[in-house]
Amino acid sequence: MAEHVKAVVMPSEGELPSSLVQRDDGVYFRADATGAACQAAVNQVFLSNGYFSGLDYAVFIRVLYDAGAELPAALKGQELVRFADTVLPFHAQRRELYKSVRIINGEAEYYFEPVFFTVPDMPPTPARLNFDEFVADMWVKGIRFGIDAPAVKATIAGGRVTRLIAARRLNATPGRDAVIVEVAQNIHRSNAPREMANGRFDLHTFQNRFPQMPPHVRLLRKVPRVPGIRGYELSGIPLEPPQPRDVDLAAMAGPGTAVEEANGVEFLVSTTEGFLSIDGSKRVSIGPKIVSREGVSVRTTGNLQLTGEYEEFGEVQEQRSVDGGNITIHGDVFGNINSRGGVISLRRNLMSGTAANADGDIEVKGVASASVVQTRKGTVTLGRAESCVITGTRVVIGEASNCEIMADEVEIKTAEGCAIAARRIAIGRAGPRRQIEMLLFPLVPDTSKYDKNIAELEEKAARHAAAAAKVKSEIDAITNEPDVRNYLTLATRVRKQEVVLTPEQLALFQKMAVQVGPALRTVGKLSLGVKEAQAEQAKVQELAAQVRQRKREVAGQGMCKVDMVTGDTVVRTMEYNPDHGAAYDQPAKDIKARLRAATHRTAPVFSGSAGMVDWSSAGLPAPASS
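It should be emphasised that the depicted structure is a prediction, and the values quoted were computed from it without experimental measurement. (Residues numbered from 1 in each chain as written. Predicted model: local features only at pLDDT ≥ 70, side-chain atom pairs only at ≥ 80, totals over all residues. Heavy atoms only, no water.)

1. Notes on the environment of A461
- With respect to the element layout, A461 can be found in helix 6 (residues 448-479).
- Taking the C-alpha atoms as reference, A461 lies 6.3 Å from Q541; in sequence the two are 80 residues apart.
- Residues within four places of A461 in sequence aside, it is in contact with Q537, V540 and Q541. (Helix = DSSP H or I, 4+ residues; strand = E, 2+ residues; numbered from the N terminus. Contact = heavy atoms within 4.5 Å.)

Printed below as a string of structure tokens:
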């Protein structure tokens, strides 16, 4: 390949640096040159008032910094890597077309607008920017990495006037620490009392029983650490990611276990048959056999703390708790069921107990009585509920009496003596229970902060509009002066070739240009002020539109509908702050106190003992009392 290589002459410095090669078909990097050598060579070209024409920026950045898209398959493994067509001089007159760049928080902002060549005693001549020159100019100004080539090229090609984030810093990507993952299922079980944070033992809670393990079973697997990916500042300075942490699987091998390696992966395996236990130092051992299948009680299991799914065919006794995920109980539940996710499915009854799910649904096939049923994110489905506190994203009940319910959406066939608050309420029949009236509270979000923000933005936009109008009036005053107006009219006709000037007329025309030159330069400066004010106005108006959209999203559409009112029923709106999260995500005692409060600040939208309710926050008329 060497016989095809020839030296080229740089615009002002002589031959290209050794890391670069120019041939008839383009400019190349030597594949055996280091990234630092290539950066130094590029720097020499740019500082020598040259630039690379026909630059492939993706290949350029990949070779210099080993970042961005991979090299095309055709360039991999080659002795020379082509990245440009040729090296051209970057003339001072062209360089003056490029402005300074503003750098904030790792982002370089550039203001693109029409550019002109300026010749003394002559009107400005329109010019166009060039992406290859832009890269060279930014390099000299310290932007040596991260140019958004597609966006800059599109902006230059379209001739748009805009402020553009032309380059961005590439943050380092953190690596991944080495971790230990479980391979075998159900390995966390122990009958020992659970040790609490204060050093005492909870005699009501075991460390969970564990299944029998046969020999030569993989229990744990080490996932090796993965190094991070280097980032770069706009200046090309590298940003190194933190070093991931490592773990020692051998330190976890206790009696009955050993570390084996297969295909480069480390496993902790059982070497004997037995049941698994984990001591305080996290050493894993194989121990004696323990089995229990008699429900959840003090005698059998104590309180259960599970890492996976759990299914119990016996009862859960009073004051016992089951913590886990995807919990199914076939017997009656008198204790507490807590799930971190999945579904809590109680196939019989929940009596004086609790069912709480952090992220998932809850269903009770039988009766829920004097209990608390709460999910932060999910649907609660009950056949019948009596004297319960119920919260969730959506609540669906067949029959409810004397319950406090709070959710985003509530659907009940028959409700008696309940206090219910939700964004959307739909009830078939509603009425009191004995001396307890029926209370319904359609939830209405507080959007006052959005109204305040919109008003402030509209006032700010008006100030920018007034500033633009003021400057525009100054421009009009200058351009309406006879000499300036005559020159501009004649210049327009000459530019459109409506008038052809004789040599004598051309001399007079040039003299006019000199006379009105100061005024035109003033107009140019004022025009920039108008554009800036109008751009700020547009930006503020866009922010106001975003706030309005956010307000509409938060407000949504609330409704309260009761097909048949069968006794004393009161409907009044209840305001809540959406910034504090879901309105129903509160402790049960707070839900009950809020819904059963003796006084409420809002006037009822319905109060009666018969008829129907059909209220909507979208402007539907409130129902009349019957």
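2. Things to note about the confidence of the model for the protein
- Within the protein, residue pLDDT values average 83, and 85% of them lie at 70 or more.
- Within the model, pLDDT remains below 50 along residues 288-293, and this stretch shows 14 contacts once partners closer than five positions in the same chain are excluded.
- In this model, residues 620-626 is a region of pLDDT below 50 whose contacts with residues beyond four sequence positions or in other chains number 16 contacts. (pLDDT = per-residue confidence, 0-100.)

3. A short note on the pattern of salt bridges
- One pass over the full model with this rule turns up 26 salt bridges.
- Here R62 makes a salt bridge to E70, at a shortest N to O gap of 3.0 Å.
- Owing to a relative accessible area of 14%, R62 belongs among the buried residues under this scheme.
- The exposure class of E70 is exposed, given its relative accessible area of 54%.
- D585 is the salt-bridge partner of R376, the closest N and O atoms lying 3.7 Å from each other. With R376 in the loop between strand 33 (372-375) and strand 34 (379-386) and D585 in the loop between strand 41 (574-576) and helix 9 (588-595), the pair connects residues that are 209 residues apart, well separated along the chain.
- Judged by its relative accessible area of 55%, R376 is exposed.
- Of the residues examined, D585 reaches a relative accessible area of 43% and is grouped as partly exposed.
- Each of the salt bridges in this network shares a partner with another, and the network as a whole consists of R62, D66 and E70. (Salt bridge = Lys/Arg side-chain N within 4 Å of Asp/Glu carboxyl O. Buried < 20%, exposed > 50% of the residue type's maximum accessible area, 1.4 Å probe, protein only.)

4. Some words on helix 9
- Within helix 9, burial applies to A588, I591 and L595. Relative to the axis of helix 9, the buried residues are bounded by an arc of 60 degrees and lie together on one face. Looking at helix 9, the residues exposed on the side facing more than 90 degrees away from the buried face are K589 and A593.
- If you follow the buried residues of helix 9, they end up packed against strand 33, strand 35 (389-401), strand 36 (404-416), strand 37 (419-431), strand 38 (438-445) and strand 41. (Arc of directions from axis to C-beta.)

5. Details of the environment of A356
- When you line up the elements, A356 lands in strand 31 (residues 354-357).
- For A356, a relative accessible area of 27% translates into the label partly exposed.
- Through-space distance from the C-alpha of A356 to that of S339 is 6.3 Å; in sequence the pair is 17 residues apart.
- Every residue in contact with A356, bar those within four places of it in the chain, is listed here: I337, N338, S339, I344, I362 and Q374.

6. Quick notes on the side chain of T155
- Residue placement: T155 occurs in helix 5 (residues 149-158).
- With residues up to four places along the chain from it excluded, the contact list for T155 reads F112, R160, T162 and L164.

7. Things to note about helix 5
- All of the buried residues along helix 5 are A149, V152, T155 and I156. What you see down the axis of helix 5 is that its buried residues fit within an arc of 135 degrees, all on one side. Summarising the geometry of helix 5, the exposed residues directed more than 90 degrees from the buried face are P150, A157 and G158.
- Of the surrounding secondary structure, the elements contacted by the buried residues of helix 5 are helix 2 (57-65), strand 9 (107-112), helix 4 (131-140) and strand 12 (162-168).

8. Topic: the environment of E79
- Within the fold, E79 resides in the loop between helix 2 and strand 6 (80-84).
- Of the residues examined, E79 reaches a relative accessible area of 57% and is grouped as exposed.
- Distance in space between the C-alpha atoms of E79 and A31 is 5.1 Å, their sequence separation being 48 residues.

9. Remarks on the packing of aromatic side chains
- Evaluation of the coordinates by the stated rule reveals 19 aromatic pairs.
- Arranged with centres 4.0 Å apart and planes meeting at 15 degrees, the rings of F29 and F83 form a pair that is stacked. With F29 in strand 4 (residues 26-30) and F83 in strand 6, the pair connects residues that are 54 residues apart, well separated along the chain.
- Consider the rings of F90 and Y98, whose centres lie 6.0 Å apart with planes at 80 degrees: the pair is edge-to-face. A single burial state applies to F90 and to Y98, both of which are buried.
- Grouping aromatic residues by their ring pairs yields a cluster made of F29, F46, F52, Y57, F60, F83, F131 and W139.
- The aromatic ring of Y28 is capped on one face by R23, whose charged end is 4.6 Å from the ring centroid.
- One cation-aromatic arrangement involves R218 over F267; the distance from NZ or CZ to the ring centre is 3.9 Å. (Phe/Tyr/Trp six-rings, centres within 6.5 Å; stacked < 30°, edge-to-face > 60°. Lys NZ or Arg CZ within 6 Å of the ring centre and 35° of its normal.)

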